[in-house]
2 protein chains.
Amino acid sequence: MYIGVDLGGSFIKIGLLDNKFNILNKQSTQTPIGKIANELCNCISKQILKILKNTNTKISEITAIGIACPGVTDSKNGILLYPPNLNMRNFNIVNEMKKYFNVPIYIENDSNCAAICQFHNTNKTKDISNMVLLTIGTGIGGGIIINKKLYKGNGLGGEIGHMKISLNGKKCSCKKHGCFEAYASASALIKQTKSAIKKHPDCKMAKYINSTGEKPTGKTVFDFAKQHDPVAVLVVNKYINDFLATGISNIINMLSPQAIYISGGISNESDYLLIPLKQAVNQKALIPFTTDILICDDLNDAGIIGAALICSNHYSLYINNT
Amino acid sequence: MYIGVDLGGSFIKIGLLDNKFNILNKQSTQTPIGKIANELCNCISKQILKILKNTNTKISEITAIGIACPGVTDSKNGILLYPPNLNMRNFNIVNEMKKYFNVPIYIENDSNCAAICQFHNTNKTKDISNMVLLTIGTGIGGGIIINKKLYKGNGLGGEIGHMKISLNGKKCSCKKHGCFEAYASASALIKQTKSAIKKHPDCKMAKYINSTGEKPTGKTVFDFAKQHDPVAVLVVNKYINDFLATGISNIINMLSPQAIYISGGISNESDYLLIPLKQAVNQKALIPFTTDILICDDLNDAGIIGAALICSNHYSLYINNT
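All of the points below concern the structure found in this document. (Residues numbered from 1 in each chain as written. Chains lettered and ligands numbered in written order. Predicted model: local features only at pLDDT ≥ 70, side-chain atom pairs only at ≥ 80, totals over all residues. Heavy atoms only, no water.)

Things to note about the side chain of asparagine 112 of chain B
Next up, step 1: Inspection of the secondary structure assignment puts asparagine 112 of chain B in helix α3 (residues 110-122).
Next up, step 2: Not counting residues within four places of it along the chain, the set of residues in contact with asparagine 112 of chain B comprises Gly142, Gly143, Ile144, Leu150 and Lys152 of chain B. (Helix = DSSP H or I, 4+ residues; strand = E, 2+ residues; numbered from the N terminus. Contact = heavy atoms within 4.5 Å.)

Here is the structure:
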């Protein structure tokens, strides 16, 4: 059996999984934000002990504990480098957790966990070897599956959000310039929406936002584009054709994966996003129509399952290989 | 034994190799440019028969024939899609060659062959799993080695030269805009040099070029930069820091390979290229200092050896896997 931990900025979700990665039991608790790193591990450990007790499971029955972590993660050495929203830097969470449990403990970036979970799910019905998952939210996270395993290269691969698509372009949260996520994340789309509202205060979308005082989300501009507000249509078209399609065609030119999955709030736009996106990508890619672009399955507990999956040699090339 | 064929725009080089990929015998002939596709295969076949005769080798002793081809290559189906300088489109070279020889025949893009040859050579003294090779010439070719094998994804991966580094940027030879090779190929550097000469006709470099009538090459601007011509220094700095480093840091952010090898004429600049390039890449990459950047070994016959190597299951993941 495995323990999968989804360590988020707001909640810690923990599950007990059988050897086929089905969740047997799960629970969640609030993330102790602002507390020191050791307290975080203490909190996780308490929850794990609780789930073991509830299910009458001994720790000796657990093959490994996997933890899905936010931000850049040095999985090889078990270190959270700089997780957003958590009050820690370069924290060796694996060493700290080993004080509580004498079992193998692995950590992995949450986008990579989502990718391995999507891959596991896709392969239940379809045999694929190579895919990429993009999580489009505050930033853009990426997870690369190559030859049926999570690919990490030298340990830190898959940072697709920080691929530069513009020379000396917009400043990114990583402090560099021109990154894909500075143009195509949900946060970037919200900025583009706000800027359009300011420029065109007479458009339908601007009037609504300005009169209600609502804060625009990634969904706002899509909603008004569907109502044919020409300003919203322009913002959505530029976002899809110029920004999202450029990053995705770069992935295709470089890796030519069998499929690219899109997750995050924006994936709810479904065909309204996918149809123009595929068209734009096929115009930009060197060899069009070679990669499926799909919306991620609506997987509950992708973090918990992905965290457990990375414990398995079967899926994680890098743990033993690089 | 293997036959390795390096099909170039000017010469066809052919070698007979033992099972350890040492060249036993080789020869070359001019490429029959402008002739129809079938004549090209007839020419290759004659050379292969000649080499077999010269070495007293029977075709039954040949495990496979590998052909390194210019341009985008559909290796899975044996098709040369659009080789530059050769008078053919969508030509199934494998089917045509099979009319002459009843042995397995594989084709591969020449940059991929160079990558597998470099990998093979590196691994004689050092155990590495993941690397990328860039061929910087008229365009930028790429070859990706993952988990000790040539990575091709869905069959057409590794087209790193066509990764977009600029939104709505310069037009590329592929007719799309903003590609890495439109900024960082040797041809692009020559354009940048010519434009600087036009803008600054009084600089040392411009005076030399304008008085001698010499055509600038990729080497010209480096030569004058070494002589401290401030215009040449500016061109070289922009080329390395803005263009080459952007593409290379994108490869690192995405794939985090153990090493990136640079080949092509520009690699002769050695440390004069490498030292500032490493500095710029480390400023742009999300996690610096994780990937070695190296000049490709000076490998004679990389095309012949690489072409033979792709015949081996040991190196070519994609032939059986995707």
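The rest of the description comes next.
Description of the nonpolar core
Nonpolar side chains tend to gather and get buried jointly when the protein is soluble and globular.
Next up, step 1: Leu134 and Ile248 of chain A together with Leu134 and Ile248 of chain B are the most contacted members of the largest nonpolar core, which totals 118 residues.
Next up, step 2: In this view, leucine 134 of chain A contacts Ile140, Gly141, Gly142, Ile160, Phe180, Ile248, Ile251, Ile260, Tyr261, Ile262 and Ser263 of chain A; residues no more than four positions away in its chain are not counted. (Core = buried A, V, L, I, M, F, W, Y, C linked by side-chain atoms within 4.5 Å. Buried < 20%, exposed > 50% of the residue type's maximum accessible area, 1.4 Å probe, protein only.)

Some words on the environment of threonine 31 of chain B
All names here are of chain B.
Next up, step 1: Structurally, threonine 31 is set in the loop between β3 (23-30) and α1 (37-54).
Next up, step 2: With relative accessibility at 8%, the residue threonine 31 sits in the buried group.
Next up, step 3: On a C-alpha basis, the gap between threonine 31 and serine 10 in space is 5.3 Å, while along the polypeptide they are 21 residues apart.

A look at a positive patch on the surface
Residues and elements named next belong to chain A.
Next up, step 1: Together, Lys170, Lys191, Lys194 and Lys215 give the surface a local cluster of positive charge.
Next up, step 2: With respect to the element layout, lysine 215 can be found in the loop between α6 (204-212) and α7 (218-226).
Next up, step 3: Classification of lysine 215 as exposed rests on a relative accessible area of 72%. (Patch = residues over 30% accessible without salt bridge, like charges linked within 9 Å, V, L, I, M, F, W, Y side chains within 5 Å. Areas by Shrake-Rupley, 256 points an atom, 1.4 Å probe, with all protein chains shown as cover. Salt bridge = Lys/Arg side-chain N within 4 Å of Asp/Glu carboxyl O. Lys, Arg positive; Asp, Glu negative; His and termini not counted. Charge placed at Lys NZ, Arg CZ, Asp CG, Glu CD.)

Focus on the interface of chain A and chain B
Next up, step 1: Facing 51 residues of chain A, the contacting portion of chain B comprises 51 residues.
Next up, step 2: For the pair chain A and chain B, the summed buried area comes to about 4100 Å², and 60% of that belongs to carbon and sulfur atoms.
Next up, step 3: The largest per-residue losses of area from chain A upon contact with chain B belong to Leu167, Met254 and Leu286 of chain A, which jointly make up 19% of the total buried on that side.
Next up, step 4: For the pair chain A and chain B, the interface holds zero salt bridges.
Next up, step 5: Summed over the shared surface of chain A and chain B, the result is 24 residue pairs in polar contact (both at pLDDT 80 or more).
Next up, step 6: Mapped by element, the contributors of at least two residues to the side of chain A that touches chain B are β10 (140-146), α8 (230-255), α9 (271-284) and α11 (317-321) of chain A.
Next up, step 7: Examining the composition of the side of chain A that touches chain B, we find that nine residues originate from one element, α8 of chain A, more than from any other.
Next up, step 8: In terms of residue class, the side of chain A that touches chain B is made up of 22 nonpolar, 23 polar and six charged. (Buried area = accessible area lost by both parts, 1.4 Å probe. Polar contact = N/O pair within 3.5 Å; in protein donor to acceptor, adjacent residues only side chain to side chain. Nonpolar A, V, L, I, M, F, W, Y, C, P; charged D, E, K, R; others polar.)

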